[in-house]
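So the chains spell out like this:
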Amino acid sequence: MIDAAEIVVIGGGAIGCSIAYHLAKQGKRDVVVLEKSGLTHGATWHAAGLIGQLRGKRNLTRMLQYSVELYGGLEAETGQATDWKPVGSLRLASSEERWREIRRTATTARSFGFDLHLLSAAEAKERFPLMTTDGVVGAAFIPSDGYIDPSSLTQALAKGARAGGVRFLEGVCVTGFAQKGRRIMAVETDRGPIRCETVVNAAGMWAREVGALAGVAVPAAAVEHQYLVTEKVVDAPAGLPTLRDPDRLFYLKPEVGGIAVGGWEADTVPFGADGIPAGFGRELLASNYDRFEQIALKATERIPVLGEVGVRNLINGPIPVSPDGEPIMGLAPELDNFYVAAGFTAGIAACGGAGKAMAEWIVEGAPGLDLWAFDIRRFGRHHVGRRHLHERAVESYGRYYAIHWPGEEMQSARGARCSPLYPILKAHGAVFGSKFGWERPNWFAPAGSAAIDAPSFSRPNWFEAVGREHQTVREGVALIDVSSFAKFEVAGPGAFSFLQRLAANNLDRPPGSVVYTQLCNERGGIEADLTITRLAEDRFYIVTGTGFAVRDRNWIERHMPHDGTVYLADLTSARAVLNLCGPRARDVLSAVAEGAVDNAAFPYMQARELRIGHAPVLALRVSYVGELGWELHIPTEYAAHVYEALRRAGEPFGIADVGYRAIDSLRLEKRYLYWGADITPDYTPFEAGLGFCVALGKGDFLGAEALARGKREGAKRKMCCFTLDGQVSVFGGEAILRDGRVLGVTTSGGYGYSVGRSIALGYLPAADAGHDDYQIEAFCEAFSARRHDRPLYDPERTRLLI
C-alpha cells in the first residue's frame, strides 16, 4: 500500500482519470488515483457517450473543443481503443424560438471560429434520413461532434496516465482526512493513510460525501437518467450523426446496429438524497417505463422507425448534477490544497477539457480559461443543504433541453433568503429573481398587470416597466433594495498594510473615504471589483456583488496574514442596504437625515454615519447607475423603518421602487462594468479602461509588476462601448466584426432607455479599436454599430458630483 504521494485524486471515473492523465502531461509523476470500486464503476460506465461541443457558455464550448481534439488522437497515443466516432451532430429546432436560440448560439460560435453549419429542414433530413421534418424550422450541424465508448475512453486516459508515472489503487475507500489548519496532510483510507500535498475530489456522485469528510461544501447531487437501446434497425444508413431534438426532449445516437434514445424529463427523481451508499458500484436502477414514455412518444414522432423496432433494454443509472446544472470545479474555499471536480452532467464530453483545466489549476495556480461559471465559489453553504440541493438538481436536470432565455429565473428552492423589505416590495408588485439564494426585486409590475416574468429573445413583458423605472432614476428619485450585497469588515492593526498590498488602488486616505478598486492576481488579471471604505485608521468596510460573497471573501482570506493582526467579519446578513438615487435624492435624504447632506458636507466617494428617524445608518455616496445617490447601510432590524421614512419624504418627488433590470440598463449607459462578464481574471484594469484605479506609485501590491509592465508596453486589448442601429436585442456573446473579419465578442449588452438604442460592451485588439464603424452580429444577422470613446450618458459626470 502506498503511504505518500504529492497529489491524490479521489475517483476513478472519466473526470478523475482525465485529471491524472493531464497532471502527468504537466510533468507530475507522484500522483495516486484512489477508486473505491473499479475504474468507471460510478456513473461513467453506463453513460450514453454523446460528445456535443456547442453550449451556451463560451468557455464550456472551448473546453469541449479540447476534448474532441484529445479524443481524436488518444487511441493512437495510448494503444487503447476508444471507439471514437466523429460522425457529427444535428440539433433540430422544432419551434421558432428554438431556432432563434440556435442562431444566437451560432453567433457566439462564430466569434471564436467554431465550425457550425445552419441547415434547412430538408438539409437536416439528408444527413439523417430516418427523421421526419414535421415542424422542423431549421437545424445546426457540427461536423466535429460524435460519440465514444465511455469505459474505453476512461481506460485510455488511465493507460496514458500510467505511462506518465501515475499509480492507480482500486478497491480503496476514503474514510477521512488528517488536517492541520487549512491544509489536508493525509488522506485516510480503509487501507491506511496516504500523506500528500494536494487532494483532488473527483468522486462523481460521492463528491458531496467526500467533501463533507474534509469540511468542504460540495453541492453535487445525483438523479436518475434513462436511455433506451433498440433492437437492430434494418437498412439504417451507415455513418448517421447523433441527433438532438430539444423541443421534444430527446437525443439519440447509433448503437451497435440499433439506436440509443435518451432524454431530459422534468419529473426525474433524486438518487441517494439521504446519502449515496459507498458500496454502490457497477449497478443500475430499476427501469421506469412510465416515466420514459413521454420521451419515447416524442422521439417516435420525429423518428417513426423507433415505433417499429423492439426494445433491447432501458438503462436507468444515476448521474451527477449541480444546483445550476453546470460543473463544480476549482480550489475549495475552505482549504488551501483541496480541489474539486464534480457535478458533471455531461462528464464524458467534458472530461478531456476539464482534466486539462484542473491540471493547470493545480500546477500553475489558474486554469487556462476563465471558469467562473463553473467555479465552486459560486456556491454557498445553503446550496449543499439536502432540500435546496435536490430541488435545484431536479429542476436543472429538467431544464437541460429547455430554451435558455435571457434573464430567466429558476423556480425551485425559492423564498428562503429574503431582505427585511421582501413583504413590502412584494405588495408593491415586485417580481423577484434569485441570486445566491436571495430574493431580489428584478422589476415592478404596474398595478393591474401580472407580476410574472415572460422572457423573450426580443422584448420581454417587463420591457416597458423597466423603462419607466429607468426614467425614474434619471429624472426623479428611486429606492432600490440591494440588501443582498456581500459586506465584510476587515480590521486590526495590520488591516491597512494588508489591504493596501491587496488592492490596486490607493487606500491611504482619511477615514470616511470610499475607494473603488480592483483586486488583481500576479498576472494583473482582475479577481474582484469592489469598494473599500475606510471607517477608521484600522477598520475597513468592503462591499461587493451578491454572487461574489464566497469568491471575494476567499480571495481576501487566502492573502490575509496569520499573525492575528487582521480579522474579517461577514456583515452581509447584519446590514440591509437601500440605494437612494436620482437627481432628487438629496431632497429626500435631507428631509429625514440628521445632519447636512449637501455636496460640500457630503461629497462624492465619501462615507458618513447618519441617523434616519430612529436608525443609525452608514451612508456611502457612490453610484452604479450614474446619478446622485447614496447606499444606505442599515442594521437589519431598522430596514423597514428607514424605507418607510424615505418613501414618505419622497412622495412629493414621485419616489418609486426600482429593480435590478433597470440597474443593468442604467450602468450600460455609463459604461460601468460587471465582474464575471465585462471584467474577469482574463483582463487587466488597463485593458478594461480602469487604469484610473491602479496606483502604481503607492508601493508594492499584488499584480503591480505585471500591471506596470502592461502600462509600459500598452494594452493589447481594449474594452469598447457600442450602440447598434436597428431594433435588435443583445445580451453578450455576439460577434464583433469589421470588414467581414471577426475581431471579438461582446461581453454584455442591453437596451439604453435614455439613449434609445441597444448597447453592447466588448473587447477588441488594440490595433483594431480606433475605428468608429463596426458590425455586431446577433442571431446570425449583422447590424451596424458605432463605437463610442466616452460613456453614452453624462460623460462629464456632472450629475454624480452635484
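Predicted model only: the values in this text are computed from it and were never measured. Per chain, residue numbering runs from 1 following the sequence as it is written. Per-residue local features of the predicted model are confined to residues with pLDDT of at least 70, and side-chain atom pairs are confined, for both listing and counting, to 80 or more; whole-chain, interface and lining totals are unaffected and use all residues. Only hydrogens and water are set aside when side-chain values are computed; all heavy atoms of the structure are taken into account.

Let's talk about the overall build of the protein
Convention followed: The secondary structure listing takes helices from DSSP runs of H or I that are at least 4 residues long and strands from runs of E that are at least 2 residues long, numbered from the N terminus. Each radius of gyration reported is based on C-alpha atoms, and the globular scaling rule is 2.2 Å times the count of residues to the power 0.38. Burial classification: accessible surface area is computed with a 1.4 Å probe over protein chains only, and a residue below 20% of its type maximum counts as buried, one above 50% as exposed, and the rest as partly exposed. Whether two residues are in contact is decided by their heavy atoms, any of which lying within 4.5 Å being enough. Note on areas: Shrake-Rupley with a 1.4 Å probe; residue coverage comes only from the protein chains shown. Only four residue types enter the tally: Lys and Arg on the positive side, Asp and Glu on the negative side, with His and both chain ends excluded. Note on charges: their place is set at NZ of Lys, CZ of Arg, CG of Asp or CD of Glu.
Counting its secondary structure elements, the protein contains 18 helices and 39 strands. For 802 residues, the compact-globule estimate of 2.2 N^0.38 gives 28 Å, and the C-alpha radius of gyration of the protein, at 27 Å, lies within 12% of that figure. Expressed as a percentage of its 802 residues, the buried residues of the protein come to 61%. In the protein, of all internal contacts separated by at least 6 residues, the share reaching a separation of at least 24 is 73%. Carbon and sulfur atoms make up 49% of the accessible area of the protein, which amounts to about 29300 Å² in all. Within the protein, the 94 negative side-chain charges are centred at a point lying 3 Å from the centre of the 87 positive side-chain charges.

Considerations on the side chain of Glu395
Going by this rule: We call two N or O atoms a polar contact when they sit within 3.5 Å, provided that within protein one can donate a hydrogen and the other can accept it, with sequence-adjacent residues counted only if both atoms are side-chain atoms.
With respect to the helices and strands, Glu395 occurs in helix H9 (residues 386-398). In terms of polar contacts, Glu395 uses its side chain to reach the side chain of Ser412, at 2.5 Å. Non-local contacts of Glu395, meaning those with residues more than four positions away in its chain, are made with Met410, Gln411 and Ser412.

So, the pattern of salt bridges
Note on pairing: side chains with opposite charge can pair once their charged atoms come close. Inclusion rule: Salt bridge criterion: a side-chain nitrogen from Lys or Arg within 4 Å of a carboxyl oxygen from Asp or Glu.
Considering all chains together, one arrives at 48 salt bridges under this definition. Between Asp83 and Lys85 there is a salt bridge; the shortest N-O distance is 2.3 Å. Judged by relative accessible area, Lys85 falls into the partly exposed class, the value being 31%. Two residues, Arg399 and Glu408, come together in a salt bridge whose shortest N-O distance is 3.2 Å. Taking the relative accessible area as the measure of exposure, Arg399 reaches 18% and is therefore buried. Connected through salt bridges with shared partners, the residues Asp245, Arg248, Glu301 and Arg302 form a single ionic network.

Regarding the pairing of strand E34 (residues 717-724)
Convention followed: Only strands joined by at least two bridges in the DSSP assignment are considered to pair.
Within E34, six of the eight residues are buried, leaving the element largely enclosed by the surrounding structure. Where E34 and strand E37 (residues 757-765) come together, seven bridges link them in antiparallel fashion. When the bridges of E37 are listed, Thr723 appears paired with Ile759. Here E34 runs beside strand E39 (residues 781-788); their pairing, made up of four bridges, is antiparallel.

Some thoughts on the layout of surface pockets
The condition is simple: The pocket and cavity definitions rest on a 1 Å grid over protein atoms only: a 1.4 Å probe that fits but cannot leave marks a cavity, an open set with protein on both sides within 12 Å along at least five of seven lines marks a pocket, and residues lining either have an atom within 4 Å of a point. Grid points are joined across faces, edges and corners, and a volume is the space filled by probe spheres set on the points. Three residue categories are used. Nonpolar comprises Ala, Val, Leu, Ile, Met, Phe, Trp, Tyr, Cys and Pro, charged comprises Asp, Glu, Lys and Arg, and polar comprises the others, including Gly.
Quantified by volume, the second largest pocket comes out at close to 740 Å³. Lining the second largest pocket are 27 residues, and of these Trp361, Gly365, Ala366, Glu527 and Trp555 sit closest to its centre. Secondary-structure elements contributing two or more residues to the lining of the second largest pocket are helix H8 (347-364) and helix H13 (549-559). Partitioning the lining of the second largest pocket into residue classes produces twelve nonpolar, four polar and eleven charged.

Focus: helix H17 (residues 704-713)
Cut-off, in case you're wondering: Summarising the geometry, the arc corresponds to the directions from the helix axis toward the C-beta atoms.
Where H17 is concerned, the buried positions are Ala704, Ala706 and Leu707. An end-on view of H17 places all buried positions within 165° of arc, on one side of the element. Facing away from the buried side of H17, by more than 90 degrees, are the exposed residues Glu705, Arg712 and Glu713. On the buried face of H17, the contacting elements are strand E24 (514-520). Where H17 terminates, the next one or two residues include Gly714, which has phi positive at roughly 90°.

Here we look at the packing of aromatic side chains
Basically, it comes down to this: The pairing test for Phe, Tyr and Trp rings, Trp by its six-membered ring, is centres within 6.5 Å, and the orientation test on the planes gives stacked under 30 degrees, edge-to-face over 60, and tilted for anything in between. Whether a charge sits over a ring comes down to the Lys NZ or Arg CZ being within 6 Å of the ring centre and within 35 degrees of the ring normal.
Across all of its chains, the model carries 23 aromatic pairs by this definition. Ring plane angle 75° and centroid distance 6.1 Å describe the contact between Tyr71 and Trp84, whose orientation is recorded as edge-to-face. With a gap of 13 residues between them, Tyr71 in helix H2 (residues 58-78) and Trp84 in the loop between H2 and strand E4 (89-93) connect regions that are remote in the sequence. Like Tyr71, the residue Trp84 is buried in the burial classification. With 4.4 Å between their ring centres and 35° between their planes, Tyr422 and Phe432 make a pair best called tilted. Linking Tyr422 in helix H10 (residues 422-427) with Phe432 in strand E20 (residues 430-435), this pair joins segments that are ten residues apart in sequence. For the pair Tyr422 and Phe432, a shared accessibility class is recorded, and that class is buried. Grouped by ring-pair contacts, the aromatic residues Trp264, Tyr397, Tyr400 and Tyr401 constitute a single cluster. The ring of Tyr660 is capped by Arg440, whose NZ or CZ atom sits 3.6 Å from the centre of that ring. Here Arg474 stacks its cationic end above the ring of Tyr793, 3.8 Å away from the centre of that ring.

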